[in-house]
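# Examination of the molecular architecture
So the chains spell out like this:
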Amino acid sequence: MSPHVVLRVGAKVLIPVILLFALYIQFHGEYSPGGGFQAGIIFAAALVLYTLIFGLDAVQRAVPPVAVHLLSACGALLYIGIGVWAMFAGGNFLEYKVLASDPHLGETMGIILIELGVGITVGAVVISLFYSFAGRTREQEN
Amino acid sequence: MLMGIFSLLAASLYVLLDAVDVAADRSRRGRRGVDHPDARGAGADDQRGEGARRQHNLLALVVVLITGGALIYGTMDMPNFADPEAPAHQHVAPRYVQDSVDEIGIPNMVTSVLASYRGLDTLGEVLVIFSAGVAVLLLLGAGTYRRRPRPPRKRLQ
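What comes next is a walk through the structure. (Residues numbered from 1 in each chain as written. Chains lettered and ligands numbered in written order. Predicted model: local features only at pLDDT ≥ 70, side-chain atom pairs only at ≥ 80, totals over all residues. Heavy atoms only, no water.)

### Concerning the overall build of chain A
The criterion, for reference: Numbering of helices and strands starts at the N terminus; helices are DSSP runs of H or I of at least 4 residues and strands are runs of E of at least 2. Summary of the burial criterion: residues with accessible area below 20% of their type's maximum are buried, those above 50% are exposed, and those between are partly exposed, where the area comes from a 1.4 Å probe applied to protein chains only. Residue contacts are counted whenever heavy atoms from the two residues lie within 4.5 Å of one another. Every accessible area reported is derived by Shrake-Rupley at a probe size of 1.4 Å, with residue values counting cover from the shown protein chains alone.
Counting its regular elements, chain A contains 5 helices and 0 strands. Counted from the first residue to the last, chain A has its helices and strands arranged as α-α-α-α-α. Within chain A, the fraction of its 142 residues that count as buried is 42%. Long-range pairs, those at least 24 residues apart, make up 59% of the contacts in chain A between residues at least 6 apart in sequence. Accessible surface, chain A as shown: approximately 7300 Å² in total, 73% of it carbon and sulfur.

### Quick word on the nonpolar core
To be explicit about the condition: In this text, buried Ala, Val, Leu, Ile, Met, Phe, Trp, Tyr and Cys residues form a nonpolar core when linked through side-chain atoms within 4.5 Å.
Judged by nonpolar contacts, the single largest core of 17 residues is most densely connected at A:Tyr79, A:Tyr96, A:Ile111, A:Ile114, A:Val118 and B:Val126. Those residues within four positions of A:Tyr79 in sequence are excluded, and the remaining contacts are A:Leu94, A:Tyr96, A:Ile114, A:Val118, B:Gly119, B:Thr122, B:Leu123 and B:Val126. Core analysis: the second largest hydrophobic core is formed by 8 residues, A:Leu47, A:Val59, A:Ala124 and A:Ile127 among them.

### Thoughts on helix 6 (residues 109-117) of chain B
All names here are of chain B. Our working rule: When we speak of the arc, we mean the arc of directions from the helix axis to the C-beta atoms. Pairing of N or O atoms within 3.5 Å defines a polar contact, subject to two protein rules: one partner must be a possible hydrogen donor and the other a possible acceptor, and residues neighboring in sequence count only if both atoms are side-chain atoms.
Listed as buried for helix 6 are Thr111, Ser112, Ala115 and Ser116. For helix 6, the buried positions fall inside an angular range of 100° around the axis, keeping them on one side. You can read the cap of helix 6 off the contacts: a side-chain oxygen lies 3.1 Å from the backbone nitrogen of valine 110, and it is on asparagine 108.

### Examining the environment of B:Ile129
Here B:Ile129 is to be found in helix 7 (residues 119-140). Here B:Ile129 falls in the partly exposed class, since its relative accessible area comes to 24%. Apart from residues lying up to four places away in sequence, B:Ile129 is in contact with A:Phe37, A:Val122 and A:Val125.

### With respect to the interface of chain A and chain B
Short version of the rule: Once two parts are brought into contact, the accessible area they lose, counted with a 1.4 Å probe and summed over both, makes up the buried area. When a carboxyl oxygen of Asp or Glu lies within 4 Å of a side-chain nitrogen of Lys or Arg, that pair is called a salt bridge. Only Asp, Glu, Lys and Arg are considered charged in this grouping, and only Ala, Val, Leu, Ile, Met, Phe, Trp, Tyr, Cys and Pro are considered nonpolar; every other residue, Gly among them, is considered polar.
Chain A puts 40 residues into the contact, and the matching count from chain B is 34 residues. Carbon and sulfur atoms make up 64% of the surface buried where chain A meets chain B, a total of about 3000 Å² over both sides. Viewed at the interface, chain B and chain A are joined by 0 salt bridges. Along the contact surface separating chain A from chain B lie 9 residue pairs in polar contact (both at pLDDT 80 or more). For the side of chain A that touches chain B, the leading source of residues is helix 5 (residues 103-141) of chain A, giving 20 residues. Of the residues that constitute the side of chain A that touches chain B, the class distribution is 19 nonpolar, 14 polar and 7 charged.

### Here we look at the side chain of B:Ser100
Residue and element names in this part refer to chain B. Within the secondary structure, serine 100 sits in helix 5 (residues 93-104). The exposure class of serine 100 is buried, given its relative accessible area of 0%. For serine 100, the side chain forms a polar contact with the main-chain oxygen of tyrosine 96, separated by 3.0 Å. Those residues within four positions of serine 100 in sequence are excluded, and the remaining contacts are Arg95, Gly105, Met109, Ser112 and Tyr117.

### As for the packing of helix 1 (residues 5-27) of chain A against helix 2 (residues 36-54) of chain A
All names here are of chain A. Stated precisely, the cut-off is as follows: To obtain each axis, a line is fitted to C-alpha atoms, and for helices this fit is confined to the stretch in contact; angles are then taken between N-to-C directions over 0 to 180 degrees. Here the angle decides the label: under 35 degrees means roughly parallel, over 145 means roughly antiparallel, 65 to 115 means roughly perpendicular, and every other value means oblique. For a crossing to be left-handed, the near helix must be turned anticlockwise from the far one by less than a right angle; the clockwise case is right-handed.
Running from amino to carboxyl end, helix 1 crosses helix 2 at an angle of 165°, the nearest separation of the two axes being 8 Å. Judged by the inter-axis angle, helix 1 sits roughly antiparallel to helix 2. Considering the relative orientation of helix 1 and helix 2, their crossing is left-handed. Taking contact as the criterion, the partners of Leu7, Arg8, Ala11, Lys12, Leu14, Ile15, Ile18, Leu19, Phe21, Ala22, Ile25 and Gln26 in helix 1 are, on helix 2, Gly36, Gln38, Ala39, Ile42, Phe43, Ala46, Leu49, Tyr50, Ile53 and Phe54.

### A short note on a nonpolar patch on the surface
What counts, and what does not: Exposure above 30% relative accessible area and the absence of a salt bridge qualify a residue for a patch, where like charges join within 9 Å and nonpolar side chains (Val, Leu, Ile, Met, Phe, Trp, Tyr) within 5 Å.
The grouping of A:Val84, A:Trp85, A:Met87, A:Phe88, A:Phe93 and B:Leu120 at the surface amounts to a nonpolar patch, some 640 Å² of accessible area in total. Within the secondary structure layout, A:Val84 lies in helix 4 (residues 65-88). With a relative accessible area of 32%, A:Val84 lands in the partly exposed category.

### Looking at the packing of aromatic side chains
Note the threshold: Pairing of aromatic rings covers Phe, Tyr and Trp, the last counted by its six-membered ring, and requires centre-to-centre distances within 6.5 Å; plane angles under 30 degrees mean stacked, over 60 mean edge-to-face, and any other angle means tilted.
Under the criterion given, the structure shown has 3 aromatic pairs over all chains. Geometrically, the ring pair formed by A:Tyr50 and A:Phe54 is tilted, given 4.8 Å between the ring centres and 35° between the ring planes. Separated by 4 residues within a single helix, A:Tyr50 and A:Phe54 lie in helix 2, roughly one turn from each other. Between B:Tyr96 and B:Tyr117, the aromatic rings sit 4.5 Å apart at their centres with planes inclined by 40°, giving tilted as the arrangement. With a gap of 21 residues between them, B:Tyr96 in helix 5 and B:Tyr117 in helix 6 connect regions that are remote in the sequence.

What follows is the structure, encoded as structure tokens:
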């Protein structure tokens, strides 16, 4: 029996809820307070909690650092890509209302997509910062 | 007490910079008091440096006071907190409040302003966060590979 049974069981119950809450904050940002910045931080917080309980190796098996680094760039690229897409659709950079036939639909779509880009970048950057610092502690222990 | 706070901050900085030996030196000096002559035997260069810095303290204080006074004087022109007549609430804010739901089609006007009206600004924020992350990765490493342990540093004294 491993130690910290209460912590492990409690974290296993909490982490899915935190991840789900991050997604809620992400995709409900049009109707309630929230958005990509907050969602990314909450998503990263779930992984930090997982690391604190189960260790850095376990979390890096689940979410490899290379994937995190790629995602942090992909989020920003998604944001820029939406802006360029609006230019190709006949509008200005980041002018979402040309993205769909209905201006409101286009605006909503553009906002959801760029918020997704923001969330991906913020979450991935925070996770990779955490990996950097946590990895250094391990180096010093060796 | 101020010196204690300073030496604690300096020690934390040195620990962050991986110079634990310097940090220990700093905190030891802080405990004994920087002014005490016994505590300042860490090296002639260091000692001279602190002595030189001490002479400039008065000038630095004057500069800080003048700068702070100018900043505080600058705040006199600012509108009162939550003043509805403030320029910030006269320019584009009424349009956001009244028309954003019709123009954008989503009820949360904060999100409308952040993502649509000020989309380029938010793009800049995202790029700032991204480049900060890249900078930290460059400085600290990705934390994925283990370097061989460094040889022990030479102590200062």
